[in-house]
Amino acid sequence: MITAEQEKLCGIISRTDGPFRGCHAMVEPSKYAENCKLDLCLHPEQEEEVVCQHVARYVDLCQAAGVTIEEWRTNDFWISCPAHSHYELCSLDCSRTCSSIFTPLRCTERCREGCVCDEGFVFSGDECVPMARCGCLHHGFYYKVEEIFYPTDLEECECQAGGMVVCHEISSPNCRVVNGELRCPTNTSGSCVVTGDRSYLSFDGKAFDIPGACSYILTESCTDGDDAQHFVVKIKKNPRQKKKVSGIEALSVEVYGLSLTLEQGKIGTVVVNSVSHRLPAILKQGQVQVHEHGAGIHLQTDFGLIVRYDLHHYVAITAPQGYQGHLCGLCGNNNGKSEDDFLFPDGHPAPNAIAFGSAWKMSNMACEEECSEDDCPVCTEEKKKVFQKPNYCGILTDPHGPFSSCFSTISPALYSDACTRDLCLTKGRTDVLCRSIQSYVSSCQATGVSVEEWRKPSFCRKLGVKGVGRVFPGGIPVV
Ligand SMILES: [Ca+2]
């Protein structure tokens, strides 16, 4: 039960004399107010956070619909902004950041609420700094002053004050640069991957399908009594639509008391505790960093958790060292054995993928757990054969194809199966094909394997992200 006082807090969304009344005709408020109350009932101890998140979500939808919102943040709903910045109800996405000095951002017409730098300051990551303290732009990526980075396997660079990048050669044959960090051989654990309509691969390499279009816990730390940093990674799948791939509508990571959310197709921003931040976001003194990487997003923590999201249908998670056997969720327990990955939250084995998926579903949202024959017709053997040809998904497994250099590191089987099924589902849509291939390429590149040029003028030339008119270094998006 929630108290009348709490009910009033959520009620701000739907009150007919409240600050959002002008939006009610555009975005029906009762569902949002009800969800807010439901969450409050489940998490009464996080009252402020829960209410603010729900209200901010509603405000965001209203602003997206072009509605001008009245001032609503009173003492009950206050947000705090970092030093040298202040809150604005309606700030334009194009306001100044250090990286916009190099590449001006396109202004969007709609505004968002969030923190804005004070006069004379600009965003460098999530901090507001005087313009003279802006960092460097190197090959299209922004780095803060004094940041050390590795643009290639052979170079270590530092961004110095004044925007100057100084690089020197490094030589250490066993080390490779992976996702911008120098990695030397250790007992590397595998990555957990979600791709396409329903394909999952656990840390320990178990491949399975979950057709549910729900929100799920992919992985979370489940050690108790340890000093290990707690974290949770969740995804929300797209609701089922006839003959369409259910991609990943949102990805969220909870760590260091932050809740970070990335949304499908939303380039250049991450929502941190309900407040939208421009990328790159360097949070908690660099303990959490979110960068744009190619057409997607790269999120990493200082203890080695790495989450990559293509902002469409693919997520790959690298488990941090020291969590072997101490992870829970759809990505499995990360103990090096694939046969014990289907576990219920209480540690008992689940009989099959469906029951396993269902157990890690977020229970507070209604969703479809199966895909009906109507929405997902069975793929006939005949059609499968067509889509397994080299001009379709067969390119992934072709021993003479552009990806054969990666086969010994990452098996293409999961990606090729997902590709065939998704093409069957969508009757051979080219954008689906190109994205499927890109997922495999991303997984390969993340381990440091380079693949041959595969995009050609006649094949997947354009990026699969709608509305993106940007040029990537080298023309190939890497996620
Ligand atoms: Ca296992």
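Thresholds applied
- Residues numbered from 1 in each chain as written.
- Predicted model: local features only at pLDDT ≥ 70, side-chain atom pairs only at ≥ 80, totals over all residues.
- Axes fitted to C-alpha atoms, helices over the stretch in contact; angles between N-to-C directions.
- Helix = DSSP H or I, 4+ residues; strand = E, 2+ residues; numbered from the N terminus.
- Parallel < 35°, antiparallel > 145°, perpendicular 65-115°, else oblique.
- Contact = placed C-beta atoms within 7 Å.
- Nonpolar A, V, L, I, M, F, W, Y, C, P; charged D, E, K, R; others polar.
- Pairing = 2+ DSSP bridges.
- Buried ≥ 20, exposed ≤ 12 C-beta atoms within 10 Å, placed from the backbone.
- Core = buried A, V, L, I, M, F, W, Y, C linked by C-beta atoms within 7 Å.
- Domains from an automatic or database assignment.

Going by the annotation in an unreviewed UniProt entry, the name recorded for the protein chain is VWFD domain-containing protein, with Pavo cristatus given as the source organism.

Chemist: Just checking my understanding: could you explain the packing of helix 7 (residues 413–425) against helix 8 (residues 430–446) for this structure?
Modeler: Two numbers describe a pair of packed helices, the interaxial angle and the distance between the axes. Following both chains from N to C, one finds helix 7 and helix 8 inclined at 170°, their axes separated by 9 Å at the closest point. One finds that helix 7 runs roughly antiparallel with respect to helix 8. Between helix 7 and helix 8, the residues in contact are Tyr415, Ala418, Cys419, Asp422 and Leu423 and Val432, Leu433, Ser436, Ser439 and Tyr440, respectively. A breakdown of the residues in the contact of helix 7 with helix 8 according to their chemical character gives 7 nonpolar, 2 polar and 1 charged.

Chemist: In this structure, what is going on with the sheet that holds strand 8 (residues 155–160)? I would like to understand it.
Modeler: To summarise the sheet geometry, strands pair through backbone hydrogen bonds and adopt either a parallel or an antiparallel arrangement. If you trace the 3 strands from one edge of the open sheet to the other, you get 7-8-9, paired in antiparallel fashion. A strand with exactly one partner marks an edge of an open sheet, and here the two such strands are strand 7 (148–149) and strand 9 (164–169). Alignment of strand 7 against strand 8, held across 2 bridges, turns out to be antiparallel. Its bridge partner being in strand 8, phenylalanine 149 is matched across the sheet by cysteine 157.

Chemist: What's the story with the pairing of strand 20 (residues 275–278) in this structure? I'm lost.
Modeler: Each regular strand carries side chains that alternate between the two faces of the sheet. In the sheet, strand 19 (residues 269–272) pairs with strand 20 via 4 bridges, with the strands oriented antiparallel. Paired with threonine 269 across the strands is arginine 278, a residue of strand 20. Taking the residues that link successive antiparallel strands as the turn, the strand 19-strand 20 hairpin has 2 residues, and the phi of asparagine 273 there is positive, at about 45°.

Chemist: Can you walk me through unusual backbone geometry in this structure?
Modeler: Note the cis peptide between leucine 279 and proline 280, where omega equals 0°. Looking at where proline 280 falls in the secondary structure, it is placed in the loop between strand 20 and strand 21 (281–283). Here the phi dihedral of lysine 284 falls at roughly 50°; this positive angle occurs in a residue that is not glycine. Inspection of the secondary structure puts lysine 284 in the loop between strand 21 and strand 22 (288–293). Residue lysine 284 is classed as partly exposed on the basis of its C-beta count, with 14 C-beta atoms lying within 10 Å. Here the phi dihedral of leucine 311 falls at roughly 60°; this positive angle occurs in a residue that is not glycine. Tracing the sequence through the fold places leucine 311 in the loop between strand 24 (306–309) and strand 25 (315–318). The buried category is assigned to leucine 311, around which 23 C-beta atoms lie within 10 Å.

Chemist: Would you take a moment to explain the nonpolar core for this structure?
Modeler: In globular proteins that are soluble, nonpolar side chains generally tend to be buried together. Core analysis: the largest hydrophobic core is formed by 68 residues, its most contacted members being Val194, Leu218, Val307, Val315, Ile317 and Leu396. Of the residues that make up this core, three or more belong to each of domain 3 (191–359) and domain 4 (381–475). Of all hydrophobic cores here, the second largest spans 17 residues; its members include Ile13, Leu40, Val55 and Ala56.

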